[in-house]
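Chain by chain, the residues run as shown.
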Amino acid sequence: MAHNRSDIQRHAERAVPDQAAEILMAGRVAHVAFTEDGQPFAIPFGYQFDSSEPRLLYLHGSHASRALAIAASGAPLCITVTLLDGLVYSKTAMNHSINYRSVVCFGRGAEVTDSDHQQRVYEAMIKRYFPGRTQGRDFAPPSSAQLEGTRLVEVVIDDWSAKAREGGPTGPLDLDEQSPGTCGVMPI
Ligand SMILES: Cc1cc2nc3c(=O)[nH]c(=O)nc-3n(C[C@H](O)[C@H](O)[C@H](O)COP(=O)(O)OP(=O)(O)OC[C@H]3O[C@@H](n4cnc5c(N)ncnc54)[C@H](O)[C@@H]3O)c2cc1C
């Protein structure tokens with residue numbers, strides 16, 4: 001049977017679709033994947049996401065950025081954001097694991113050229129990365145020249161999936177206090 005591209009196949013019980021927006025709000029780095037002439041690339045970016053507009057994700061950077069130009073072109077994108085929550089250690093090698101929350105988004109981008117829109121996104125992005133910092137008090141807004149010198153791309157997310165692992169190790173010896181070895185979770 002054909003699957004949708006955002007259906008989680010492995011460990012489907014770890015699907016957390018209701019947490020997708022929360023994870024994107026908490027994330028810091030988005031890996032933006034695209035293909036160019038059949039070659040896949042996955043390039044790290046800062047990004048903006050606001051759960052009040054849960055289908056939009058913003059990327060910005062230099063007009064010289066190849067990745068950003070492709071993102072603005074409407075080409076299909078796959079954007080992944082990952083939060084690391086803990087390192088899971090087990091009494092058996094193959095049951096070492098990682099606690100995580102992650103979102104995979106599929107969508108397409110277009111350049112934002114309206115300066116009011118650009119200002120709103122940059123101000124909100126700084127607030128998200130640096131809560132408590134206020135434009136006009138702690139820092140000056142971008143000038144027209146700075147806005148023109150920066151490319152802002154709005155990605156419309158067509159579909160997404162969210163997946164999380166939580167809890168301790170699940171190896172065959174991990175619940176047996178008498179068995180040799182150590183196990184637990186190291187928070188990150
Ligand atoms: C945490 C983080 C946040 C970032 N945020 C932004 C952002 O908000 N805006 C922005 O414009 N850029 C950002 N960057 C830089 C971004 O990853 C790209 O380097 C940049 O956008 C140039 O892209 P490009 O496709 O033009 O690079 P090109 O130089 O054309 O890419 C050519 C090759 O260089 C290599 N390369 C490119 N970037 C990287 C990289 N980061 N690490 C290792 N190899 C690389 C790859 O092999 C790639 O195929 C960020 C990087 C990091 C790590």
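All of the points below concern the structure found in this document. (Residues numbered from 1 in each chain as written. Predicted model: local features only at pLDDT ≥ 70, side-chain atom pairs only at ≥ 80, totals over all residues. Heavy atoms only, no water.)

## What to know about the overall build of the protein chain
Logical step 1: Along the protein chain, the regular secondary structure elements total four helices and eight strands.
Logical step 2: When the helices and strands of the protein chain are read in sequence order from the N terminus, they spell out α-β-β-β-β-α-β-β-α-α-β-β.
Logical step 3: When the backbone C-alpha atoms are referred to their principal axes, the protein chain occupies close to 70 × 50 × 30 Å.
Logical step 4: Expressed as a percentage of the 188 residues in the protein chain, the buried residues total 38%.
Logical step 5: Partitioning the contacts of the protein chain with sequence separation of at least 6, the portion at a separation of at least 24 is 74%.
Logical step 6: Both charge centroids of the protein chain, one from 17 positive and one from 22 negative side chains, sit 3 Å from each other. (Helix = DSSP H or I, 4+ residues; strand = E, 2+ residues; numbered from the N terminus. Buried < 20%, exposed > 50% of the residue type's maximum accessible area, 1.4 Å probe, protein only. Contact = heavy atoms within 4.5 Å. Lys, Arg positive; Asp, Glu negative; His and termini not counted. Charge placed at Lys NZ, Arg CZ, Asp CG, Glu CD.)

## What to know about the environment of Gln146
Logical step 1: Looking at the secondary structure, you find Gln146 in helix 4 (residues 144–148).
Logical step 2: Given the relative accessible area of 48%, Gln146 is considered partly exposed.

## Comments concerning the pattern of salt bridges
Logical step 1: Evaluation of the coordinates by the stated rule reveals five salt bridges.
Logical step 2: Linking Arg5 and Asp159 is a salt bridge whose minimum nitrogen-to-oxygen distance equals 2.8 Å. Here the residue Arg5 occupies a position in the segment before helix 1 (20–26), and Asp159 occupies one in strand 7 (residues 150–165), the gap between them amounting to 154 residues.
Logical step 3: One salt bridge in this structure joins Glu111 and Arg151, with 2.8 Å as the shortest N-O distance. Of this pair, Glu111 sits in strand 6 (residues 97–111) while Arg151 sits in strand 7, and the two are 40 residues apart along the sequence. (Salt bridge = Lys/Arg side-chain N within 4 Å of Asp/Glu carboxyl O.)

## As for the site of the ligand
Logical step 1: Around the ligand, a shell composed of Val29, Phe41, Ile43, Pro44, Phe45, Gly46, His60, Gly61, Ser62, Ser65, Arg66 and Ala67 is seen.
Logical step 2: One of the backbone nitrogen or oxygen atoms of Ala67 is found 2.9 Å away from an oxygen atom of the ligand.
Logical step 3: The fraction of the free accessible surface of the ligand (860 Å²) that becomes covered by protein chains is 46%.
Logical step 4: Only strand 2 (39–45), strand 4 (56–62) and helix 2 (66–72) provide two or more residues apiece to the shell around the ligand.
Logical step 5: Among the elements that line the shell around the ligand, the one with the most residues is strand 2, at four residues.
Logical step 6: When its residues are assigned to classes, the shell around the ligand shows six nonpolar, five polar and one charged. (Near = heavy atom within 4 Å. Polar contact = N/O pair within 3.5 Å; in protein donor to acceptor, adjacent residues only side chain to side chain. Areas by Shrake-Rupley, 256 points an atom, 1.4 Å probe, with all protein chains shown as cover. Nonpolar A, V, L, I, M, F, W, Y, C, P; charged D, E, K, R; others polar.)

## Digging into unusual backbone geometry
Comment: phi is negative for the bulk of residues other than glycine, and the bulk of peptide bonds are trans.
Logical step 1: One non-glycine residue, His11, lies in positive phi territory at about 50 degrees.
Logical step 2: By the element assignment, His11 lies in the segment before helix 1.
Logical step 3: Positioned with a positive phi, Asp37 is a non-glycine residue whose angle comes to about 55 degrees.
Logical step 4: With respect to the helices and strands, the residue Asp37 is situated in the loop between strand 1 (30–36) and strand 2.

## Regarding the packing of aromatic side chains
Given two aromatic rings, their pairing is described by the distance between the two centres and the angle made by the two planes.
Logical step 1: Scanning the model with the defined rule gives three aromatic pairs in all.
Logical step 2: We note Arg28 situated over the ring of Tyr129; from NZ or CZ to the ring centre the distance is 5.7 Å.
Logical step 3: Taking NZ or CZ as reference, Arg128 lies 4.5 Å from the ring centre of Tyr47, over its face. (Phe/Tyr/Trp six-rings, centres within 6.5 Å; stacked < 30°, edge-to-face > 60°. Lys NZ or Arg CZ within 6 Å of the ring centre and 35° of its normal.)

## Section: the environment of Tyr122
Logical step 1: Among the secondary structure elements, Tyr122 is positioned in helix 3 (residues 115–129).
Logical step 2: By relative accessible area, which is 10% here, Tyr122 ends up buried.
Logical step 3: Along the primary structure Tyr122 and Pro141 are separated by 19 residues, whereas in three dimensions their C-alpha atoms are 8.7 Å apart.
Logical step 4: What Tyr122 contacts, discounting residues up to four positions off in sequence, is His60, Pro142, Leu147, Thr150, Arg151 and Leu152.

## Observations regarding the side chain of Arg128
Logical step 1: Within the secondary structure layout, Arg128 lies in helix 3.
Logical step 2: No salt bridge is formed by the buried Arg128; its nearest oppositely charged neighbour, Asp50, is found at 8.3 Å.
Logical step 3: Apart from the residues lying within four places of it in its own chain, the contact partners of Arg128 are Leu24, Met25, Ala26, Gly27, Arg28, Tyr47, Gln48 and Phe49.

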